[in-house]
Amino acid sequence: MNAIDTKLAALGITLPAPAAPVANYVPYVITGDLLIISGQLCFGLDGKLSEAHKGKLGAEIFNEAGLEAAKLCAINVLAQAKAALGGDLGRIRRCVRLGGFINATPHFAALPAIMNGASDFMVEVLGDAGRHARSTIGVANLPADAAVEVEAMFEIA
């Protein structure tokens, strides 16, 4: 078992089966030493979107549930990475970038704080290699009315 799998086990986190694409795109692309993961929603281990993670931040969803949703997205990002890397998360050298999309009301100002749910998780699992560049934007809607979507880029061996 590599260090990432060991850390996930220590945190009691089981990676779900990676979600299949729902349109004309692929879940990941490897080019050179980069792995780019398409946006992942906040699906639970059962592959479903909880009612607690549906809707807009600043309306139906409050910050705590938003943070949980962002973390779930990051867990799903790692599930896609594991599939892309033939099951070997040990090939990840670092998280280069995360992009966060927050389903929010127009006046919701805590977008960066919500995205910290994903960012903090990457650092917790990958250590210093989890520190990344990041963009976070508020959006009018996300697929399945998800509260958060996160995409990622990793440097790989």
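Keep in mind that what you see is a predicted model, and the values were worked out from it rather than measured. (Residues numbered from 1 in each chain as written. Predicted model: local features only at pLDDT ≥ 70, side-chain atom pairs only at ≥ 80, totals over all residues. Heavy atoms only, no water.)

This next bit is on the pattern of salt bridges. Under the criterion given, the structure shown has five salt bridges. The closest approach of N and O atoms between R93 and E155, which form a salt bridge, is 3.3 Å. Highlighted residues: R93 in strand β3 (residues 92-103) and E155 in strand β5 (residues 148-156), separated in sequence by 62 residues. For the salt bridge of D128 with R131, the shortest nitrogen-to-oxygen distance reads 3.3 Å. (Salt bridge = Lys/Arg side-chain N within 4 Å of Asp/Glu carboxyl O. Helix = DSSP H or I, 4+ residues; strand = E, 2+ residues; numbered from the N terminus.)

For helix α3 (residues 111-126), with 16 residues, the first-to-last C-alpha span of 23 Å sits near the 22 Å given by 1.5 Å per residue. At G117, α3 is bent by approximately 35°, the largest bend along its length. When we look at burial in α3, the residues that qualify are L111, I114, M115, G117, A118, S119, F121, M122, V125 and L126. Lining the buried residues of α3 we find α1 (3-10), α2 (63-84), β3, β4 (133-139) and β5. Taken from the residues just after α3, G127 is the one with a positive phi, measuring 65°. (Expected span 1.5 Å × (residues − 1). Bend = angle between axes of the 7 residues up to and from the residue. Buried < 20%, exposed > 50% of the residue type's maximum accessible area, 1.4 Å probe, protein only. Contact = heavy atoms within 4.5 Å.)

Viewed as axis vectors pointing N to C, α2 and α3 meet at an angle of 45°, and their least axial separation amounts to 7 Å. The orientation of α2 with respect to α3, classified from their angle, is oblique. The two elements α2 and α3 meet at a crossing, and its hand is right-handed. Facing N63, G66, L67, A70, K71, A74, I75, V77 and L78 of α2, the residues of α3 in contact are A113, I114, N116, G117, A118, F121, M122 and V125. Tallied by class, the residues present in the contact of α2 with α3 amount to twelve nonpolar, four polar and one charged. (Axes fitted to C-alpha atoms, helices over the stretch in contact; angles between N-to-C directions. Parallel < 35°, antiparallel > 145°, perpendicular 65-115°, else oblique. Left-handed = near helix turned anticlockwise from the far one by under 90°. Nonpolar A, V, L, I, M, F, W, Y, C, P; charged D, E, K, R; others polar.)

Before going further, it helps to spend a moment on the pairing of strand β2 (residues 34-41). Of the pairings in the sheet, the one linking strand β1 (residues 28-31) to β2 comprises four bridges and is antiparallel in character. Looking across to β2, one finds that T31 is bridged to L34. Taking the residues that link successive antiparallel strands as the turn, the β1-β2 hairpin has two residues, and the phi of G32 there is positive, at about 60°. Across six bridges, β2 lies against β5 in antiparallel orientation. Residue I37 lies in a different strand from β5, and its bridge partner there is A152. (Pairing = 2+ DSSP bridges.)

It is worth spelling out the state of the cysteines at this point. Following the criterion strictly, the structure yields zero disulfides and no others. Unpaired in terms of disulfides, C73 finds its nearest cysteine sulfur in C42, a separation of 4.7 Å. (Disulfide = S-S within 2.5 Å.)

Take the pairing of β5 next. For β3 and β5, the ladder comprises nine bridges, and the chain directions are antiparallel. Its bridge partner lying in β5, G100 is registered against V150.

To continue, consider the nonpolar core. Counting residues in each nonpolar core, the largest one holds 47 residues, and the members touching the most others are L8, L78, I92, M122, V148 and F154. Elements represented by at least two residues in this core include exactly α1, β2, α2, β3, α3 and β5. Looking at which element gives the most residues to this core, the answer is α2, with eleven residues. In contact with V148, not counting residues within four places along its chain, are Q40, L41, C42, G66, A69, A70, C73, F101, I102, I114 and L142. (Core = buried A, V, L, I, M, F, W, Y, C linked by side-chain atoms within 4.5 Å.)

Strand order across the open sheet formed by five strands is β1-β2-β5-β3-β4, with mixed pairing between neighbours. Two strands close off the open sheet at either side, each with one partner strand: β1 and β4. Taking the axes of each pair of neighbouring strands and ignoring which way they run, one obtains an average angle of 15° across the sheet.

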